[in-house]
Amino acid sequence: MKRAIELSIENINKGGGPFGCVIIKDNKIIAEGSNKVTPTKDPTAHGEIVAIRAACKKLDNFNLKGCELYSTCEPCPMCLSAIYWARIDKIYYANTREDAKKIDFDDSLIYSEFSKNIDERKIPMIQIMRNEALKAFELWDKKTDKVKY
């Protein structure tokens, strides 16, 4: 966690947000990340996402089972989803989502949207061309050499 905190503090002077993350495997740091949203103009470049991408590249695998993640803040909904998709074993965090909210990093809207029906959400979601799109799912389902994730 100490290294993640160092990254978060260093990142402020580099034009990024106050968030840092490290990923550990076998008691060694295999990847680091800090918030790069503003310098890269990429809303997905949160510290955890940056670290997950680096860890996957280093291990040449999308599955990070056996790894632990240390983040300076409770992961936002996007990052938490990515952590689950990456199959990371454990999350350690320092600041809470309430701490982040106090400095204008507020994920409350996103959390509240998850519990709503699709037709009640702030961003309209309109289903179209399902039958045509199902073709890809059918092909995938029948594929015998697919890599499951």
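Starting afresh in each chain, residues are numbered from 1 along the sequence in its written order. Residues qualify for local features only when their pLDDT is at least 70, as the model is predicted, and side-chain atom pairs are given and counted only at 80 or more; totals for whole chains, interfaces and linings, by contrast, use all residues. Excluded from the side-chain calculations are hydrogens and water; all other atoms, namely the structure's heavy atoms, are used.

1. Notes on helix α1 (residues 2-13)
Taken as a whole, α1 has its buried residues at Ala 4, Leu 7, Ser 8 and Asn 11. Buried residues along α1 cover an arc of 100 degrees about the axis, so they all sit on one side. The outward face of α1, more than 90 degrees from its buried face, is lined by the exposed residues Lys 2, Ile 9 and Asn 13. In what follows, residue pairs with any heavy atoms lying within 4.5 Å of each other are defined as contacts. Put simply, DSSP H or I for four residues or longer makes a helix, DSSP E for two residues or longer makes a strand, and each gets a number counted from the N terminus. Buried residues along α1 sit in contact with β1 (20-25), β2 (28-34) and β3 (67-73). The positive-phi residue at the C-terminal boundary of α1 is Gly 15, with phi of around 90 degrees. Per-residue accessibility, obtained with a 1.4 Å probe over protein chains only, is compared with the maximum for each type, and a residue is labelled buried under 20%, exposed over 50%, and partly exposed between these values. An arc is given here, and it is the one of the directions from the helix axis to the C-beta atoms.

2. Looking at helix α4 (residues 77-86)
Along α4, the residues classified as buried are Pro 77, Cys 79, Ala 82, Ile 83 and Ala 86. Positive backbone phi, at 65 degrees, marks Arg 87, one or two positions downstream of α4.

3. Re the sheet that holds strand β4 (residues 90-95)
For two strands to pair, DSSP has to find at least two bridges joining them. Taking strand neighbours across the sheet as the criterion, the four strands line up as β2-β1-β3-β4 in an open arrangement whose pairing is mixed. In this open sheet, the two edge strands, each paired with only one partner strand, are β2 and β4. Ignoring which end each strand starts from, the neighbouring axes of this sheet average 15 degrees apart. In terms of strand pairing, β1 meets β2 through six bridges, oriented antiparallel. When the bridges of β2 are listed, Gly 20 appears paired with Ser 34. Docked against the sheet, helix α3 (residues 47-59) engages β1, β2 and β3, running at close to 140 degrees with respect to β2. Lines fitted to C-alpha atoms define the axes, with helix axes restricted to the stretch in contact, and inter-axis angles between N-to-C directions lie between 0 and 180 degrees.

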